[in-house]
Amino acid sequence: MKPEGSGFKPPAQTGSSGEAAGVGSEVGGVHSNDETSWLDLWAMNPETRAYLKAVRRNAACPQASPRSEGAGDGSQEIATPEKLRKLQRALYRKARAEPAHRFWSLYSELTRRDLLEHAFELVVRNGGAPGVDGQTIGSITATPERRESWLNELQRELQDKTYRPSPVRRVYIPKSNGGQRPLGIPTVKDRVAQMAALLVLAPIFEADFHPHSYGFRPQRNAHQALAAIVEALRSGRLEVVDADLSKYFDTIPHDRISPLLANLYLNALDWAVNDAGVRGQPVLVRYADDCAPRARAGVMNSARAQLQN
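Residues numbered from 1 in each chain as written. Predicted model: local features only at pLDDT ≥ 70, side-chain atom pairs only at ≥ 80, totals over all residues. Heavy atoms only, no water.

## Focus on the packing of helix 3 (residues 82–97) against helix 8 (residues 188–206)
For the pair helix 3 and helix 8, the least separation of the axes is 7 Å and the interaxial angle reads 30°. Relative to helix 8, the element helix 3 lies roughly parallel. Handedness of the crossing formed by helix 3 with helix 8: right-handed. Where helix 3 abuts helix 8, its residues L84, Q88, L91, Y92 and A95 lie against L199, V200, P203, I204 and E206. (Axes fitted to C-alpha atoms, helices over the stretch in contact; angles between N-to-C directions. Helix = DSSP H or I, 4+ residues; strand = E, 2+ residues; numbered from the N terminus. Parallel < 35°, antiparallel > 145°, perpendicular 65-115°, else oblique. Left-handed = near helix turned anticlockwise from the far one by under 90°. Contact = heavy atoms within 4.5 Å.)

## What about the pairing of strand 2 (residues 180–185)?
Most of strand 2 sits inside the fold, with 5 of its 6 residues counted as buried. The pairing of strand 1 (residues 169–174) with strand 2 spans 6 bridges and is antiparallel. Of the residues in strand 2, the one forming a bridge with P174 is Q180. Following strand 1, the chain reverses through 5 residues before pairing antiparallel with strand 2; G178 in that reversal takes a positive phi of roughly 95°. (Buried < 20%, exposed > 50% of the residue type's maximum accessible area, 1.4 Å probe, protein only. Pairing = 2+ DSSP bridges.)

## Things to note about the confidence of the model for the protein chain
Put simply, the protein chain has an average pLDDT of 74, and 64% of its residues get 70 or more. Averaged over each element, pLDDT in the protein chain is lowest for helix 2 (residues 52–57) (44) and highest for helix 7 (residues 144–160) (98). (pLDDT = per-residue confidence, 0-100.)

## What to know about the packing of aromatic side chains
Throughout the structure, instances matching the rule amount to 1 aromatic pair. On the basis of an interplanar angle of 45° and a centroid distance of 5.4 Å, the ring pair of F120 and W150 is categorised as tilted. In this pair, F120 is assigned in helix 5 (residues 113–126) and W150 in helix 7, connecting sequence segments 30 residues apart. Residues F120 and W150 agree in their burial class; the two are buried. One cation-aromatic arrangement involves K161 over Y107; the distance from NZ or CZ to the ring centre is 5.2 Å. (Phe/Tyr/Trp six-rings, centres within 6.5 Å; stacked < 30°, edge-to-face > 60°. Lys NZ or Arg CZ within 6 Å of the ring centre and 35° of its normal.)

Here is the structure:
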């Protein structure tokens, strides 16, 4: 499912039989391994996302998972229900096999009880502060009856299409440079609804993402990004630009599944640089808003001009 007018064309991803090819860790696809969850850092609460840069820059440690295994960055203790995993596989394979396909009838999936149950479990696992309504996760999970009633209400609102998101509570946390980082904290109900949407939409967009994008993706992590950089250097691409998008996560709305949107916004850049058609072919390795283009001597200026045009 390619965004309209995105201007990028990923290479063909289908086999001769029309089946989706290479479904798996190569592009962070939907996996059948029950030990891993579809979710990566997408599932983190807003407070945790604020500390993303500090965490990922300290991530290079001896305990890192080997690149071939691709354990992913997210917490994985909650197994995805098999029926939901089957849906995600089907969506991913369809999107990968038919890049021009548009998915028009997904809303009914958001009202599935198993989907809402799983989304709720993930939100509870993530924790986080209450939104503008003051409702806490603990007040919802106080008793099984309360939890059931709360989920019934949300499911009914989604089915009746009467669900409306609440305003986002704005808070600020201090930054290391003395400034403040703005955070938007949705209500628990909105977080569950957003998580449900993410569980359905993420496999579709995942099929489009470039292999050199490593942040906020299942089966991908910072250690793999470092390995890709080393590989580019060993191939003779010694001209390096270490880039960081200023205040990128400060300006993307945190109430709208921002990690997924972050990758969507930058996906065109990933494909444009890595498929720039420049002699010597530059390589752009990206982790969230940190990117490191690498090229052979004398190529970087040509690549820059190609992108500007």
